[in-house]
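# Structural description and commentary
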Amino acid sequence: MAMDDTSVHCGSLPDEAATLALGGALAHALQAGVVIFLQGDLGAGKTTFSRGLLAGLGHQGRVKSPTYTLVESYPLAELTVHHFDLYRFADPEEWDDAGFRDYFGQDTVCLVEWPDKAGDLLPMADLTLELEVSGQGRTYRLTASTETGQSCLTRLSTPPAAA
């Protein structure tokens, strides 16, 4: 996919509420089958963003970081969200050994923290969110890599019509 101005959405997130709001806004622009890579240092806000996205999709319970469990799954009315954290992987083969490939499908949204730890074994990301600490807040860059990701970014960037 050729990159253009509409393939990237970026800005600043002054606080946790803004990070949650970005996740909630993206939730309304998503479609099932989307794969989102979450990149950033420890403490950059990847799990906070995920909490906002899940709340935006209607999840009302607790959202735990999957650092120790490797994956947390959230069955919702329309789809299931799988939130992976691959930080602890020592070898990309752990991806296949864990059977995680089976979690990706047309009825899921998959959020993957530390995707580089699985090497080239992961499905291609539709969207990549890069978070970086900046002062007291964060900056973000959301990049579409596929037509599906581009459609999500277009919906995110288009204000809803007035009723």
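The rules we used
Residues numbered from 1 in each chain as written. Predicted model: local features only at pLDDT ≥ 70, side-chain atom pairs only at ≥ 80, totals over all residues. Heavy atoms only, no water. UniProt positions renumbered as here; feature names shortened; annotations may be inferred. Helix = DSSP H or I, 4+ residues; strand = E, 2+ residues; numbered from the N terminus. Rg over C-alpha atoms; globule rule 2.2 N^0.38 Å. Pairing = 2+ DSSP bridges. Axes fitted to C-alpha atoms, helices over the stretch in contact; angles between N-to-C directions. Contact = heavy atoms within 4.5 Å. Buried < 20%, exposed > 50% of the residue type's maximum accessible area, 1.4 Å probe, protein only. Arc of directions from axis to C-beta. Disulfide = S-S within 2.5 Å. Core = buried A, V, L, I, M, F, W, Y, C linked by side-chain atoms within 4.5 Å.

An unreviewed UniProt entry annotates the chain as tRNA threonylcarbamoyladenosine biosynthesis protein TsaE of Aquitalea magnusonii. What UniProt records for the chain under Subcellular location (unreviewed entry) is the sentence "Cytoplasm". As stated in UniProt under Sequence similarities (unreviewed entry), the record for the chain gives "Belongs to the TsaE family."

In this section: the overall build of the chain. For the chain, the helix and strand inventory stands at four helices and seven strands. Reading the chain from its N terminus to its C terminus gives the helix and strand order β-α-β-α-β-β-α-β-β-β-α. Relative to the compact-globule value of 15 Å for 163 residues, the chain shows a C-alpha radius of gyration of 15 Å, a close match. Here the C-alpha coordinates of the chain stretch approximately 50 × 35 × 35 Å along the principal axes.

This part is about the sheet that holds strand β6 (residues 127–134). Spatially, β1-β7-β6-β2-β5-β4-β3 is the arrangement adopted by the seven strands of the open sheet, whose pairing is mixed. Only two strands of the sheet have a single partner each, and these edge strands are β1 (8–13) and β3 (71–75). Sheet twist, expressed as the average angle between the axes of neighbouring strands with direction ignored, equals 15°. Sheet contacts for helix α4 (residues 147–157): β1, β6 and β7 (137–144); angle to β7, the most-contacted strand, approximately 130°.

Position of T48 among the secondary structure elements: in helix α2 (residues 46–56). Excluding residues within four positions of it along the chain, T48 makes contact with E16, T19 and L20.

With that out of the way, let us pick up α4. Among all positions of α4, only G149, Q150, C152, L153 and L156 are buried. Down the axis of α4, the sector holding all buried residues measures 160°, keeping them to one side. Residues of α4 that are buried sit in contact with β1, α1 (16–27), β6 and β7.

Taken as a whole and assessed by the stated rule, the structure comprises zero disulfides. Just so you know, C110 is unpaired, no disulfide at all, and the nearest cysteine sulfur is the one on C152, 13 Å from it. Among the residues examined, C110 registers a relative accessible area of 0% and is labelled buried.

To continue, consider unusual backbone geometry. One non-glycine residue, L70, adopts positive backbone phi at about 75°. For L70, the location among the structural elements is in the loop between α2 and β3. The phi torsion at W114 lies on the positive side, around 60°, for a residue other than glycine. By secondary structure assignment, the location of W114 is in the loop between β5 (108–113) and β6. Looking at W114, the relative accessible area reads 17%, which means it is buried.

Now for the environment of D116. When you line up the elements, D116 lands in the loop between β5 and β6. Remark: the alpha-carbon pair of D116 and F89, spanning 27 residues in sequence, is separated by 9.7 Å.

To continue, consider the nonpolar core. One finds L26, L30, I36 and L127 to be the most contacted residues of the largest nonpolar core, which totals 30 residues. Elements represented by at least two residues in this core include exactly α1, β2 (35–39), α2, β5, β6, β7 and α4. The leading source of residues in this core is α1, at four residues. The contacts of L30, once residues within four sequence positions are left out, are I36, L53, V109, L127, C152 and R155. Residues V35, W95, F104 and A125 belong to the second largest nonpolar core, which totals 17 residues.

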